[in-house]
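Read off the chains here:
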Amino acid sequence: MPPEERTSVVTPAACCVIGAGLVGLATAFELASRGHPVTVIDPEPMSGASHHAAGMLAPAAEIQYGQDNLVPLMRASMALYPDLVQRVAAASGCPTGYLTCGTIVVAADGADRRHLRELADFQHAAGMDVEVVTTRYLRQLEPAIAPVVAGAALIPGDHQIDPRVFGAALMCALKKLGVRFEERKATPDDLGPKTVMAAGLGAAEYFPFLPLRPVWGEIMRLDVPDAMTPLVTHVIRGFVEDRPVYVVPRGNGSVVLGATSRENHRKWGSLGGVYQLLRDGIRLVPGLEECSISDIGTGGRPGTPDDLPLVGTDTATGTVISTGYFRHGILLTALAARLGAALVTGDRHVTGLDDRAVESILTHTDPYRWSN
Ligand SMILES: Cc1cc2nc3c(=O)[nH]c(=O)nc-3n(C[C@H](O)[C@H](O)[C@H](O)COP(=O)(O)OP(=O)(O)OC[C@H]3O[C@@H](n4cnc5c(N)ncnc54)[C@H](O)[C@@H]3O)c2cc1C
């Protein structure tokens with residue numbers, strides 16, 4: 001139990017979490033590890049975006065112009081990750097899939113290199129640790145990268161976690177902590193002041209004012225031949241004619257190749273998307289051609305108009321809303337879990353952040369900021 005809770009004499013209240021993606025599971029973990037009896041409701045745990053995600057924890061590589069309010073959330077969550085991972089490992093006894101492997105951003109051609117340099121300048125201005133490296137040094141770091149790439153930057157502090165492995169560890173920890181799982185869809189009767197709505201895109205069914213939309217992404221898991229393992233040792237994020245693509249190495253030697261981004265109504269995988277990933281991925285890491293496909297999927301990112309999550313309390317039911325984590329929900333899970341637990345218990349110390357930081361985050365993530 002965290003030190004700030006040890007002197008509490010209040011009996012922890014029973015809580016309910018709707019949604020067993022990484023956000024819901026980690027929120028349940030923050031509550032259960034502080035002594036709250038918790039019920040988690042989900043007809044199919046870990047079946048949403050968290051199942052598909054690559055799991056890059058990339059506050060520096062993912063930074064984009066005009067996302068000034070998102071950056072502090074990404075950094076705060078990154079700082080909380082090692083603690084969450086360590087506590088989940090201790091409570092579950094299971095592997096967590098967390099790898100502090102660093103990230104390399106690679107530019108395929110001259111225009112991509114200009115993009116990479118501008119991005120690096122922006123990242124430096126934001127105080128992030130980014131080093132533009134020569135292509136000769138790049139090949140020392142990652143011999144499997146194509147010899148013809150135009151530029152690269154090393155981001156030593158951006159890491160990764162395998163969301164499926166971490167989800168399994170969280171479920172194991174929750175079961176050991178006595179959390180009850182109900183494999184069913186939530187009903188309006190489940191809503192209330194001790195409930196956290198963490199159903200990702202599914203939250204809009206209960207709270208139609210939430211401006212959520214699916215942003216689909218194709219993504220694949222590949223097995224690497226033994227003789228070529230490890231194919232790469234860093235997360236490789238590339239730009240190919242301005243299209244993003246990434247290769248994420250897992251601890252077991254396999255890699256993840258992702259991901260497209262589309263906003264049409266086709267939920268099922270697009271052949272064009274898969275083709276694009278293979279073409280751009282192989283251009284940067286030619287050895288991908290030798291790999292075999294173990295899994296291809298399409299996930300729906302819970303998108304919001306300003307790319308910021310939707311975190312706060314519903315005025316009608318008192319339910320805590322925690323959704324809209326969009327492209328960064330795996331990274332934001334550590335922060336989301338603490339915010340959700342803090343809001344449902346009314347104890348802001350749970351966030352581990354100072355009051356001003358919490359107030360600022362909750363102002364920017366207010367679920368009602370779009371409805372007037
Ligand atoms: C292809 C792809 C790649 C990605 N890569 C990354 C990445 O590298 N790094 C990163 O940080 N983020 C990444 N993301 C984004 C990330 O996956 C999401 O932001 C994050 O998983 C959201 O987590 P969540 O728990 O809020 O939602 P979800 O994982 O979608 O979980 C929601 C859960 O709620 C349940 N549910 C839905 N409706 C109901 C209901 N009515 N009752 C009960 N339960 C319900 C669902 O069954 C599901 O299990 C990626 C996403 C995609 C699609």
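Remember, it's a predicted structure, so these values are computed and weren't measured experimentally.

### Things to note about the packing of aromatic side chains
The relative placement of two aromatic rings is captured by the distance of their centres and the angle of their planes.
Phase 1: Applying the stated criterion across every chain yields a total of four aromatic pairs.
Phase 2: On the numbers, 6.3 Å between centres and 40° between planes, the contact of tyrosine 81 with phenylalanine 166 is tilted. Pair noted here: tyrosine 81 is in helix H3 (residues 71-92) and phenylalanine 166 is in helix H6 (residues 163-176), with a separation of 85 residues, a long-range link. Accessibility assignment for this pair places tyrosine 81 and phenylalanine 166 in one class, buried.
Phase 3: With a centroid separation of 4.6 Å and an interplanar angle of 15°, the aromatic rings of phenylalanine 209 and tyrosine 368 are classed as stacked. Taken together, the residues phenylalanine 209 in the loop between strand S10 (195-197) and strand S11 (213-223) and tyrosine 368 in the segment after helix H9 (355-364) connect sequence positions 159 residues apart.
Phase 4: Exposure remark for phenylalanine 209: the relative accessible area of 27% places this residue in the partly exposed category.
Phase 5: Taken together, the aromatic side chains of Tyr81, Tyr98 and Phe166 make up a single cluster linked through ring pairs.
Phase 6: Of note, lysine 175 hangs over the ring of phenylalanine 181, and the distance from its end group to the ring centre comes to 5.3 Å.

### Re the domain arrangement of the protein
Phase 1: What the domain assignment reports for the protein is domain 1 (13-96 + 161-210 + 305-364) and domain 2 (103-156 + 214-302).
Phase 2: Contacts between the two partners involve 26 residues from domain 1 and, on the opposite side, 28 residues from domain 2.
Phase 3: Summed over both sides, the interface of domain 1 with domain 2 buries roughly 2200 Å², with 62% coming from carbon and sulfur.
Phase 4: Joining domain 1 to domain 2, the criterion identifies three salt bridges.
Phase 5: Close ionic contact of arginine 237 with glutamate 62 constitutes a salt bridge, the shortest N to O distance being 2.8 Å.
Phase 6: Counting across the interface, domain 1 meets domain 2 through twelve residue pairs in polar contact (both at pLDDT 80 or more).

### What to know about the sheet that holds strand S15 (residues 292-303)
Phase 1: One open sheet accounts for eight strands, arranged S6-S7-S5-S12-S13-S14-S11-S15; its pairing is mixed. If you trace the sheet from one side to the other, it starts and ends with strand S6 (131-133) and S15, each paired once. Averaged over all neighbouring strand pairs, the angle between strand axes comes to 20°, with direction disregarded.
Phase 2: For S11 and S15, the ladder comprises eleven bridges, and the chain directions are antiparallel. By the bridge assignment, proline 214 is partnered in S15 with proline 302.

### Notes on the pattern of salt bridges
Oppositely charged side chains may form a pair once their charged atoms are brought near each other.
Phase 1: According to the stated counting rule, one finds 20 salt bridges in the structure shown.
Phase 2: Linking glutamate 241 and arginine 283 is a salt bridge whose minimum nitrogen-to-oxygen distance equals 3.2 Å. Of the two residues, glutamate 241 sits in the loop between strand S12 (235-240) and strand S13 (243-249) while arginine 283 sits in helix H7 (residues 271-284), which places them 42 residues apart along the sequence.
Phase 3: Close ionic contact of arginine 243 with aspartate 280 constitutes a salt bridge, the shortest N to O distance being 2.8 Å. With a gap of 37 residues between them, arginine 243 in strand S13 and aspartate 280 in helix H7 connect regions that are remote in the sequence.
Phase 4: Look at aspartate 280 and you get buried, because its relative accessible area is 2%.
Phase 5: One network of salt bridges, with partners in common, ties together Glu30, Arg34, Asp83, Arg87 and Arg338.

### Quick word on the site of the ligand
Phase 1: The full set close to the ligand counts 39 residues, and Asp42, Ser50, Met56, Tyr206 and Phe326 are the nearest of them.
Phase 2: A distance of 3.3 Å separates a nitrogen atom of the ligand from a polar atom in the backbone of alanine 54.
Phase 3: Contact with the protein chains hides 94% of the accessible area of the ligand, taken as 1000 Å² for the molecule alone.
Phase 4: Only helix H1 (22-32), helix H2 (49-52), S11, S15 and helix H8 (329-345) provide two or more residues apiece to the shell around the ligand.
Phase 5: When the residues that make up the shell around the ligand are grouped by side-chain class, the tally is 22 nonpolar, twelve polar and five charged.
Phase 6: Mapping the shell around the ligand onto the domain boundaries places at least three of its residues in each of domain 1 (13-96 + 161-210 + 305-364) and domain 2 (103-156 + 214-302).

### Concerning the environment of leucine 191
Phase 1: When you line up the elements, leucine 191 lands in the loop between strand S9 (180-182) and S10.
Phase 2: With relative accessibility at 18%, the residue leucine 191 sits in the buried group.
Phase 3: Once the C-alpha coordinates of leucine 191 and proline 45 are considered, the two residues, 146 residues apart in sequence, prove to be 19 Å apart.
Phase 4: Excluding residues within four positions of it along the chain, leucine 191 makes contact with Ile18, Met197, Tyr206, Phe207, Thr317 and Thr319.

Criteria and thresholds
- Residues numbered from 1 in each chain as written.
- Predicted model: local features only at pLDDT ≥ 70, side-chain atom pairs only at ≥ 80, totals over all residues.
- Heavy atoms only, no water.
- Phe/Tyr/Trp six-rings, centres within 6.5 Å; stacked < 30°, edge-to-face > 60°.
- Helix = DSSP H or I, 4+ residues; strand = E, 2+ residues; numbered from the N terminus.
- Buried < 20%, exposed > 50% of the residue type's maximum accessible area, 1.4 Å probe, protein only.
- Lys NZ or Arg CZ within 6 Å of the ring centre and 35° of its normal.
- Domains from an automatic or database assignment.
- Contact = heavy atoms within 4.5 Å.
- Buried area = accessible area lost by both parts, 1.4 Å probe.
- Salt bridge = Lys/Arg side-chain N within 4 Å of Asp/Glu carboxyl O.
- Polar contact = N/O pair within 3.5 Å; in protein donor to acceptor, adjacent residues only side chain to side chain.
- Pairing = 2+ DSSP bridges.
- Axes fitted to C-alpha atoms, helices over the stretch in contact; angles between N-to-C directions.
- Near = heavy atom within 4 Å.
- Areas by Shrake-Rupley, 256 points an atom, 1.4 Å probe, with all protein chains shown as cover.
- Nonpolar A, V, L, I, M, F, W, Y, C, P; charged D, E, K, R; others polar.

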